[in-house]
Amino acid sequence: MSGVQHLTIGADEAEQRLDRWLKRAFPVLTQGRIEKLCRRGEIRVDSARAKPATRVAPGQVVRVPPLPEAPAPAPEARPAMLDAGEAEALRRRVLYRDEAMLVLDKPAGLAVQGGSGQVRHLAGMLPALRFEREDDPRLVHRLDKDTAGLIVLARTGAAAVALARAFRSRAVEKIYFALVAGRVQPSAGTVSYGLVKAGRSGEGEKMRILHPDEVAATEGAKHATTDFRVIEQVGGRAAWVALRPVTGRTHQLRAHMAALGNPIAGDGKYGGRGQENLGDGWGAGLGGAASRKLHLHAARLAFRHPLTGRALRFAAPLPEHMARSWELLGLDPAAVPEPIFED
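Since the model is a prediction, treat every value here as computed from it, not as a measurement.

1. Things to note about the pairing of strand 6 (residues 61–64)
- Residues Val62 and Val64 of strand 6 are buried on one face, while the alternating residues Val61 and Arg63, pointing to the opposite face, are not.
- In terms of strand pairing, strand 1 (residues 5–8) meets strand 6 through 4 bridges, oriented antiparallel. From the neighbouring strand, His6 faces strand 6, where its bridge partner is Arg63.
- Strand direction decides the pairing type here: strand 3 (residues 44–45) and strand 6, joined by 2 bridges, are antiparallel. Paired with Arg44 across the two strands is Arg63, which belongs to strand 6.

What follows is the structure, encoded as structure tokens:
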């Protein structure tokens, strides 16, 4: 059992949630334990009571009560090591690199961070992305495991703080492409349903939809907003849509499209696997030769450089399984209107 500790957030650590910082520093702590210690006031930030979601920044001091010693990690819990070929394949997915940041085209099926039983994840592969630096790049946001596309990594502490702040303050425009079931009506609009966790936390969690008026009265619920636009409708069977999350909630795009009756193709969690989408849209399985993988792609990012302030725009090509579906349905990946969303 350790004694009381007073730990200073390092200058090279980005602003982040207290619970996430604690889990990295003390793997023995579960989410439930952190919440209990915060409620009791045993965990404090700069001598003040704090919540698990409290943002901590470099220079702040976190009080940590006595904790049991962490057990040695089981062999299966250790991140899988990359061989030379895998490391080079990951480096080839880097679309942009400078002294401050990287932009990576993450493949579908690769988790960003580890979870229960998850030994292969981007966080464990970061040493392959050091290039000429001695330290690993830092994660500043995340994508779902089954979502492909653009993810930004910081290469310095200052860049990590600036990028994390930009994502949190919605100064980053994120546009996703998705193939959804059925006919989308209207062809453009905004979804404002709230979201609350319906199950266990982690990659397996599921979100429940709430009417906006129910959010304030529902514990743990949060408002969520998504702009959508149909790029091309494929009869009544499917549609290629662009999605712009105004907020950044867990599974927001997947839950919002399912709420419209147009679940994302391959989304068994929110759309089931049925194919009853004869114009009404319900059922995330398109059948035939279409891939059963999730058809959701983080396609575009626009933000200002974390150090210079220069405007940056990035685009990633469709992942292989989505490109095959586009070809199957006669969709042209290059036929994207500009701008996609007109504010």
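After that view, the rundown keeps rolling.
2. Observations regarding the pairing of strand 10 (residues 148–154)
- Burial runs high along strand 10: 7 of the 7 residues are buried.
- Note that strand 8 (residues 101–106) and strand 10 share 6 bridges and pair antiparallel. Across the sheet, the residue bridging to Asp105 is Leu150, located in strand 10.
- Bridging between strand 9 (residues 138–139) and strand 10 involves 2 bridges; their strand directions are antiparallel. Within strand 10, the residue paired with Leu139 across the bridge is Leu153.
- Alignment of strand 10 against strand 17 (residues 296–304), held across 2 bridges, turns out to be parallel. Across the sheet, Gly149 pairs through a bridge with Ala298, a residue of strand 17.

Conventions used here
Residues numbered from 1 in each chain as written. Predicted model: local features only at pLDDT ≥ 70, side-chain atom pairs only at ≥ 80, totals over all residues. Heavy atoms only, no water. Buried < 20%, exposed > 50% of the residue type's maximum accessible area, 1.4 Å probe, protein only. Helix = DSSP H or I, 4+ residues; strand = E, 2+ residues; numbered from the N terminus. Pairing = 2+ DSSP bridges.

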